[in-house]
Amino acid sequence: MNKTEEYQNEILKKIKNKERLNIAITYVMVIAIYAIVQGLVTTGNISNLLKGILVPTCVYVIAAISLNLVVGFSGELSLGHAGFMCIGAFTSGFFSKAVGDGLPDGFRFFLAIVIGALFAGIVGMLIGIPVLRLKGDYLAIVTLAFGEIIKNLLNVVYMGLDSRGIHFSTKSSMDLGLESGGKKIIEGALGISKIPKNSTFTIGVILVLVTLFIVQNLIHSRAGRAIMSTRDNRIAAESIGIPVTRFKLMAFTVSAALAGMAGALYAHNIGKLNTSKFDYNMSILVLVFVVLGGIGNIRGSILAAIILTALPEMLRGLSDYRMLIYAVLLIAMMLFNWAPAALAFRERVREKLPFGRKKKEVE
Amino acid sequence: MAVLDINHLSISFGGLHAVDDFNVSIEKGCLYGLIGPNGAGKTTVFNLLTGVYKPTEGIIRLNGADITGKSTIEINKAGVARTFQNIRLFKGLTVLDNVKAGFHNHYQYSVLSGIFLLPRKRQMENSMNERSMEILKVFDLEREAGLLAGNLPYGKQRKLEIARAMATEPKLLLLDEPAAGMNPNETAELMETIRFVRDHFDLTILLIEHDMKLVSGICEELTVLNFGRVLAQGKTAAVLSDPEVITAYLGA
């Protein structure tokens, strides 16, 4: 091996190690948080209120990471993420309730999660094909609309199961024409009730790790480079032969599937499901996690989701001041995250301060 | 045989004939210059060549194959790569990843082998890394491989754009004002690099440039455009001494 090659390998090694470290830190962070929380739970140092939000926190973490794939890495603003969570929740809930005791609990839950993710992914792809032709604000508006459409469609769906198979109606559960002994599963606006509560904190964290595995490996691969190059400069990406639309669609589909997984986890936590939960507010909430954590920053998404889910519950004792503190925290996170725009903002502010650091001269 | 053969290429936007009856034939290995005053239609020719615009008339042949009206992606796969007048790098990616993005269609592995870290991913990534470092070395950018492309100084950004284009393994390289914004030293260095790239990678290069020193220094043949029409064509020295060219472009 000659000298230049040695030198090149050294540089490559440095770059690779930095990348590996970056990936590893995220896993370690999640596992450490899990260990701490689990420790608190076993020693009984955690209130029941907080115990109740452990799984929902996992749901939001997964949703935030998956939305970050679209918003941060693919560079498209999507406001319909709750729609995909809704699909995942309903399909997995339907499956679990339809199968009932036909399969062992653990295996049934596993299949339910896979089905939730699969259906959400398929719907994501079908919506993505027309929608991703749009850019910027238009895309945001249309994804918002699709999120609401999904919610409202599921609102009028009645489905039941008897020995003749699955029955479907959009009018009422009476119209299903079930045999005696058949069971109603989805009851329109009432949604699905009595879904087996299989979700636990441990399973939630495992799913968070699965999500991290998929997203981190994806963005550090050929496909990830294609996705990010499309975000940075669409025209240049096409000029080097990258099929831009295909990779945008892929990011959107993967993101929808992971949101579906989050939805499945959610459905099997609360047991009772209706569409009203998956409205516009939830999409915005998840987007808030992504933006406050720093767009394109996965660790930031995780931390923002955890803090902003846990905080309102922890502040319950302060009653009147609760939302005030929450709002101040939102502003603080906006100012102190690691998004490039936030960094630039801080740089500008520093320049103006009399005692601040002066901007470095650019060559 | 000519690498690039353009016949009767025309495009009009509304009533404006941005490019009108443009003909050129570029031999393999040639360093060909396209010059002309601002708004003469030079970049439009590039956009027609790379499929950004579809011509209203005319045929473009690359090594004899008709590439007229094909998409940007197909044309790149056929062997045409370009740089841009206003730099278009992937600013959020590292210098290394910018070049690796250029290898997109040359070292392929599926999304699943990417996610599940299958052996094929590692093989392809390793070959890509090696090849990318080779290219970066040519442009003296290997030390900056780990930096974000957006943090490079201007001159290096220009070079990185050429490096990224080279990764697509083109037969024909289109450079749109590669020396824009460079000081005389950087321009001189760039001239050396362009010549070296042409010889080293066995390329044909078509470039747009305003810097007359660069044009007369490295271009072997020239076409002068004015108001979308060819004003003069031929060997550099002959074209630059053409009285019509001098009045139209260089100023009396």
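Residues numbered from 1 in each chain as written. Chains lettered and ligands numbered in written order. Predicted model: local features only at pLDDT ≥ 70, side-chain atom pairs only at ≥ 80, totals over all residues. Heavy atoms only, no water.

S.K.: Quick rundown of the interface of chain A and chain B? Include the residues and the values.
M.R.: Chain A puts 35 residues into the contact, and the matching count from chain B is 41 residues. For the pair chain A and chain B, the summed buried area comes to about 3300 Å², and 65% of that belongs to carbon and sulfur atoms. Considering only the side of chain A, the residues that lose the most area to chain B are A:R222, A:R225 and A:I240, jointly responsible for 24% of the buried surface there. One salt bridge connects B:E125 with A:R225, and the closest N-O pair in it is separated by 3.1 Å. Here chain A is connected to chain B by 14 residue pairs in polar contact (both at pLDDT 80 or more). (Contact = heavy atoms within 4.5 Å. Buried area = accessible area lost by both parts, 1.4 Å probe. Salt bridge = Lys/Arg side-chain N within 4 Å of Asp/Glu carboxyl O. Polar contact = N/O pair within 3.5 Å; in protein donor to acceptor, adjacent residues only side chain to side chain.)

S.K.: Describe the confidence of the model for chain B, and please don't skip the residues or the numbers.
M.R.: Residues and elements named next belong to chain B. In this model, chain B carries an average pLDDT of 92, and 99% of its residues clear a pLDDT of 70 or more. Least confident of the elements in chain B is helix α10 (residues 243-250), whose mean pLDDT is 79; most confident is helix α3 (residues 95-102), at 96. Interface confidence for the predicted complex, given as ipTM, is 0.91, next to a pTM of 0.90. (pLDDT = per-residue confidence, 0-100. Helix = DSSP H or I, 4+ residues; strand = E, 2+ residues; numbered from the N terminus.)

S.K.: Talk me through the side chain of A:D162; I want residue IDs and the actual numbers.
M.R.: Residue and element names in this part refer to chain A. Among the structural elements, D162 can be located in strand β1 (residues 158-162). For D162, the side chain forms a polar contact with the main-chain nitrogen of R164, separated by 2.8 Å. At 3.0 Å, the side chain of D162 forms a polar contact with the side chain of H167. Ignoring anything within four residues of it in the chain, the contact list for D162 reads H167, G177, L178, E179 and G182.

S.K.: Explain the sheet that holds strand β1 (residues 2-13) of chain B residue by residue, including any values.
M.R.: Residue and element names in this part refer to chain B. Spatial strand order, β2-β1-β4-β5: four strands in an open sheet with antiparallel pairing. Edge positions in the sheet fall to β2 (16-27) and β5 (65-66), since each of these pairs with one other strand and no more. Pairing analysis gives eight bridges linking β1 to β2, with the strands arranged antiparallel. Residue pairing in the sheet places S12 in a bridge with H17 of β2. (Pairing = 2+ DSSP bridges.)

S.K.: Quick one: what's the story with a nonpolar patch on the surface, residue by residue and with numbers?
M.R.: Residue and element names in this part refer to chain A. A surface patch of nonpolar side chains, amounting to about 600 Å² of accessible area, comprises I331, M334, L335, F336, F345, V349 and L353. Broken down by element, the nonpolar patch gets its largest block of residues, three residues, from helix α13 (residues 322-335). Relative to the helices and strands, I331 is located in helix α13. (Patch = residues over 30% accessible without salt bridge, like charges linked within 9 Å, V, L, I, M, F, W, Y side chains within 5 Å. Areas by Shrake-Rupley, 256 points an atom, 1.4 Å probe, with all protein chains shown as cover.)

S.K.: Go over the pattern of salt bridges with me, naming the residues and quoting the values.
M.R.: Counted by the stated rule, this structure contains 19 salt bridges over all chains. The residue A:E148 makes a salt bridge to A:K151 at a minimum N-O spacing of 3.8 Å. Highlighted residues: A:E148 and A:K151, both in helix α6 (residues 136-155), separated by three residues, approximately one helical turn. Here the residues in one salt-bridge network are A:R225, B:D97, B:K100 and B:E125, joined through shared partners.

S.K.: Help me get a handle on the packing of aromatic side chains, residues and values and all.
M.R.: For the structure shown, the criterion picks out seven aromatic pairs over all chains. Between A:F84 and A:F252 the ring centres are 5.7 Å apart and the planes differ by 90°, which places this aromatic pair in the edge-to-face class. Here A:F84, found in helix α4 (residues 81-99), pairs with A:F252, found in helix α10 (residues 244-270); they are 168 residues apart in sequence, far enough to count as distant. Side by side, A:F84 and A:F252 carry an identical accessibility label, which is buried. For the pair A:F213 and B:F116, a centre-to-centre distance of 6.3 Å together with 40° between the ring planes defines the contact as tilted. Here A:F213, found in helix α7 (residues 201-219), pairs with B:F116, found in the loop between α4 (111-115) and α5 (119-138), and the two come from separate chains. Owing to a relative accessible area of 47%, B:F116 belongs among the partly exposed residues under this scheme. (Phe/Tyr/Trp six-rings, centres within 6.5 Å; stacked < 30°, edge-to-face > 60°. Buried < 20%, exposed > 50% of the residue type's maximum accessible area, 1.4 Å probe, protein only.)

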